[in-house]
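# Descriptive structure summary
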Amino acid sequence: MTADETRLKDLVELAFGALADPPAPENTAVLHRRIVAEILRRLPQAEEAAAAERVRSDAWYRHQRVIDRTRDTLAMEGEEPNPGDGPTGAVLRVVMLARRLRALSVYPASAEGHACPPRRQ
């Protein structure tokens, strides 16, 4: 496992672990920022992978599904939680983003190459 894969796995595990043991609000905010930053590093690679496929092919749809779900989640959960959200709301935002990051984990954070995402997301 590469250092990049380990970092991603750790971020996702931290997010899901927050459900059982919610961190302090400031730590939730830091985790939120880290996950959003990682999503934004990988989303362009997913878009490039989709653009490289024949439009409406199975591979194109798999990439596009990941892209669309990620954009929707960023639109709804991408804004950093504020203290008024409460710990549960903030953690749920982080978890939703972590799910999208996990789906994007097949895409490199740089233009080294592209992988096709799994068939079920």
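Placed above this text is the structure.
Read on for an overview of the structure. None of these values were measured; they are calculated from a predicted model. (Residues numbered from 1 in each chain as written. Predicted model: local features only at pLDDT ≥ 70, side-chain atom pairs only at ≥ 80, totals over all residues. Heavy atoms only, no water.)

## Side note on the nonpolar core
One finds Ile-35, Ile-39, Leu-101 and Leu-104 to be the most contacted residues of the largest nonpolar core, which totals 23 residues. When contributions to this core are tallied by element, the ones reaching two or more residues are α1 (3–20), α2 (25–51), α3 (58–77) and α4 (86–104). The dominant element in this core, judged by the number of residues it contributes, is α2, at eight residues. The contact partners of Leu-104, leaving out residues within four places of it in the chain, are Ile-39, Arg-42, Leu-43, Ala-46, Val-66 and Thr-70. (Core = buried A, V, L, I, M, F, W, Y, C linked by side-chain atoms within 4.5 Å. Buried < 20%, exposed > 50% of the residue type's maximum accessible area, 1.4 Å probe, protein only. Helix = DSSP H or I, 4+ residues; strand = E, 2+ residues; numbered from the N terminus. Contact = heavy atoms within 4.5 Å.)

## Looking at the pattern of salt bridges
Pairs can form between side chains of opposite charge once their charged atoms are near each other. All chains considered together, the criterion is met by ten salt bridges. With its nearest N and O atoms 3.3 Å apart, the salt bridge here joins Arg-41 to Glu-38. In this pair, Arg-41 and Glu-38 are both assigned in helix α2, three residues apart and thus about one turn of the helix distant. Between Arg-93 and Glu-77 there is a salt bridge whose closest N-O contact spans 3.6 Å. Of this pair, Arg-93 sits in helix α4 while Glu-77 sits in helix α3, placing them 16 residues apart in sequence. Here Arg-93 matches Glu-77 in class, with each residue buried. (Salt bridge = Lys/Arg side-chain N within 4 Å of Asp/Glu carboxyl O.)

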